[in-house]
Amino acid sequence: MANSTIHTSSIILALAIVLAALATQSEARAFFVFGDSLVDNGNNNYLATTARADSPPYGIDFPTHRPTGRFSNGLNIPDFIGQAIGSDFLLPYLNPELNGENLLNGANFASAGIGILNDTGVQFANIIRMFQQYQYFEQYQRRVAALIGPERTQQLVNSALVLITVGGNDFVNNYYLVPFSARSRQFSLPDYVVYLISEYKKLLMRLYDLGARRVLVTGTGPLGCVPAVLAMRSTNGQCSAELQQAAGLFNPQLTQMLNQLNSQYGSDIFIAANTGRMTADFVNNPGAFGFVTSKIACCGQGPYNGLGLCTPLSNLCPNREIYAFWDPFHPSERANRYIVQQILRGSTDYMSPMNLTTIMALDSRT
């Protein structure tokens, strides 16, 4: 009798554990990512474009040690954020494995080379511009609604965390791409920034209309200090003043615009992540963060390893942990980890109006 009672109790306990696990799984927060190469998890692998990271040594430090389409030696910013919120690695939206139950985790719609403006990155040909990323998001919602119904789909999207990273390419792959570019003839730099912010505002309002209610919006990094810009514009290793000015104008106006939108919607929908300051921390003082250099890319060629793409024929540093930049444009995995630590726990100097840990605590009570 005692053994029977113990056996029954064991079955009940096992069932309770399974049900709890299922409940946790169904309540896991979906995660959506929009933007450019800083957050692309491999959508461009499926496109006829030169903006791809699907050959070695990309992915050398990823768990599989193989290229995934991430512009990193390992994990990128969405990967670290996903780990923090208990999400699996997001699949790119174009990955054929993104179907069925996998859809409920969310999706990554980002595409390397794109910008706020549709004419940014034209040299890369087939890339998923922002309006197309949103079209895919609408398609995604229809696919999920077919699985779990429209009401639960709306709940999934409304309660999701969204990350959007876009803007840097509008400078380096548009305004400053060539001397006397079409946009630089059309706008002075201050006027161009005002125009970009007004266009970005439209994108964010459209994202709200599509159901996003918690959106991390990153600024742009120190554009004038990346190895690619040093290789092309620097004579003495100093950051390009022109591109630094661009970032210096863009980031504060972005935060101001997000505050205006939050006032308009009456809620802290949009969270400003000051990635410019986060990146400047280790660019300006690499030694304080355990980096040997923030000027030379780990993978590349030419001055500062800043020219061209990272390819199997490029110079490759033996220790990726001590390089702030993996390739001519993108932070190393270790630098990405530092950025996300600030997104998670940073003060209001880095995150406005609050960091991601505070957001998760607030949202868990609702």
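About the criteria used
- Throughout this document, residue positions are counted from 1 along each chain, in the order its sequence is written.
- Whole-chain, interface and lining totals are the exception, using all residues; otherwise, since this is a predicted model, local features are given only for residues with pLDDT of at least 70 and side-chain atom pairs are given and counted only at 80 or more.
- As a convention, hydrogens and water are excluded, and side-chain values are obtained from all of the structure's heavy atoms.
- Think of it this way: any DSSP run of H or I at least four residues long counts as a helix, any run of E at least two long counts as a strand, and we number them from the N terminus.
- Both definitions apply: the radius of gyration is a C-alpha atom measure, and the globule rule equals 2.2 Å times residues to the power 0.38.
- Classification of residues uses two cut-offs on accessible area relative to the type maximum, computed with a 1.4 Å probe and protein chains only: under 20% is buried, over 50% is exposed, and between them is partly exposed.
- Whether two residues are in contact is decided by their heavy atoms, any of which lying within 4.5 Å being enough.
- Neither His nor the chain ends is counted toward charge; the positive residues are Lys and Arg and the negative residues Asp and Glu.
- We put the charge of a Lys on NZ, of an Arg on CZ, of an Asp on CG and of a Glu on CD.
- Definition of a polar contact: a pair of N or O atoms within 3.5 Å, with one able to donate and the other able to accept a hydrogen when the atoms are protein atoms, and with sequence-neighbouring residues admitted only if both atoms are side-chain atoms.
- Nonpolar core, defined: a set of buried Ala, Val, Leu, Ile, Met, Phe, Trp, Tyr and Cys residues in which side-chain atoms within 4.5 Å join the residues together.
- Between N-to-C directions, angles span 0 to 180 degrees; the directions come from axes that are lines fitted to C-alpha atoms, helices contributing only their stretch in contact.
- Angle categories: roughly parallel below 35 degrees, roughly antiparallel above 145, roughly perpendicular from 65 to 115, and oblique for all the rest.
- Just so you know the grouping, Ala, Val, Leu, Ile, Met, Phe, Trp, Tyr, Cys and Pro go in nonpolar, Asp, Glu, Lys and Arg go in charged, and all remaining residues, Gly too, go in polar.
- Given a helix with a known number of residues, its expected span is that number minus one, times 1.5 Å.

It is worth spelling out the overall build of the protein chain at this point. If you tally the helices and strands in the protein chain, you get 12 helices and eight strands. Over its C-alpha trace the protein chain gives a radius of gyration of 22 Å, about what one expects of a compact globule, namely 21 Å for 366 residues. Expressed along its principal axes, the backbone C-alpha trace of the protein chain runs to roughly 85 × 50 × 40 Å. Taking all 366 residues of the protein chain together, the buried fraction comes to 52%. In the protein chain, the proportion of contacts linking residues at least 24 apart, taken out of those at least 6 apart, comes to 69%. If you average the places of the 23 positive and of the 24 negative side-chain charges in the protein chain, the two averages end up 1 Å apart.

By secondary structure assignment, the location of Asn251 is in helix α9 (residues 241-265). Asn251 sits in the buried class, given a relative accessible area of 14%. There is a polar contact of 2.8 Å between the side chain of Asn251 and the backbone nitrogen of Thr220. Excluding residues within four positions of it along the chain, Asn251 makes contact with Gly219, Thr220 and Gly276.

Turning to the side chain of Thr275, a few remarks are in order. Within the element layout of this structure, Thr275 appears in helix α10 (residues 275-284). Filtering out sequence-adjacent residues up to four positions away, Thr275 remains in contact with Thr218, Gly219, Thr220, Gly221 and Ile339.

Turning to the nonpolar core, a few remarks are in order. Phe32, Ile164 and Tyr200 are the most contacted members of the largest nonpolar core, which has 104 residues in total. Per-element accounting of this core gives the leading share, 10 residues, to helix α7 (residues 189-209).

Another aspect to go through is the packing of helix α11 (residues 333-345) against helix α12 (residues 356-364). What describes two packed helices is the angle between their axes and the distance between those same axes. In contact at an axis separation of 4 Å, α11 and α12 are set at 45° when each is read in the N-to-C sense. The pairing of α11 with α12 is recorded here as oblique in orientation. Here α11 contributes Ile343, Leu344 and Arg345 to the contact with α12, which in turn contributes Leu356, Thr357 and Met360. In terms of residue class, the contact of α11 with α12 is made up of four nonpolar, one polar and one charged.

On to α11. Under the 1.5 Å per step criterion, the end-to-end length of α11 is 18 Å for 13 residues, consistent within 8% with the ideal 18 Å. All of the buried residues in α11 are Glu333, Ala335, Asn336, Tyr338, Ile339, Val340, Gln342, Ile343 and Leu344. Against α2 (77-85), β4 (215-218), β5 (270-273), α10, β8 (351-352) and α12 lie the buried residues of α11.

With that settled, consider unusual backbone geometry. Cis peptide bonds are those with omega within 30 degrees of zero, and the linkage from Pro56 to Pro57 qualifies with 5°. Tracing the sequence through the fold places Pro57 in the loop between β1 (31-35) and α2. Cis geometry marks the peptide bond from Ser352 to Pro353, where omega comes out at 5°. Positionally, Pro353 belongs in the loop between β8 and α12. Of note in this structure, Phe180 is not a glycine but carries a positive phi near 55°. Along the polypeptide, Phe180 turns up in the loop between α5 (169-175) and α6 (182-186). Positive phi is not limited to glycine here, since Tyr304 has a value of about 60°. Position of Tyr304 among the secondary structure elements: in the loop between β6 (299-300) and β7 (315-316).

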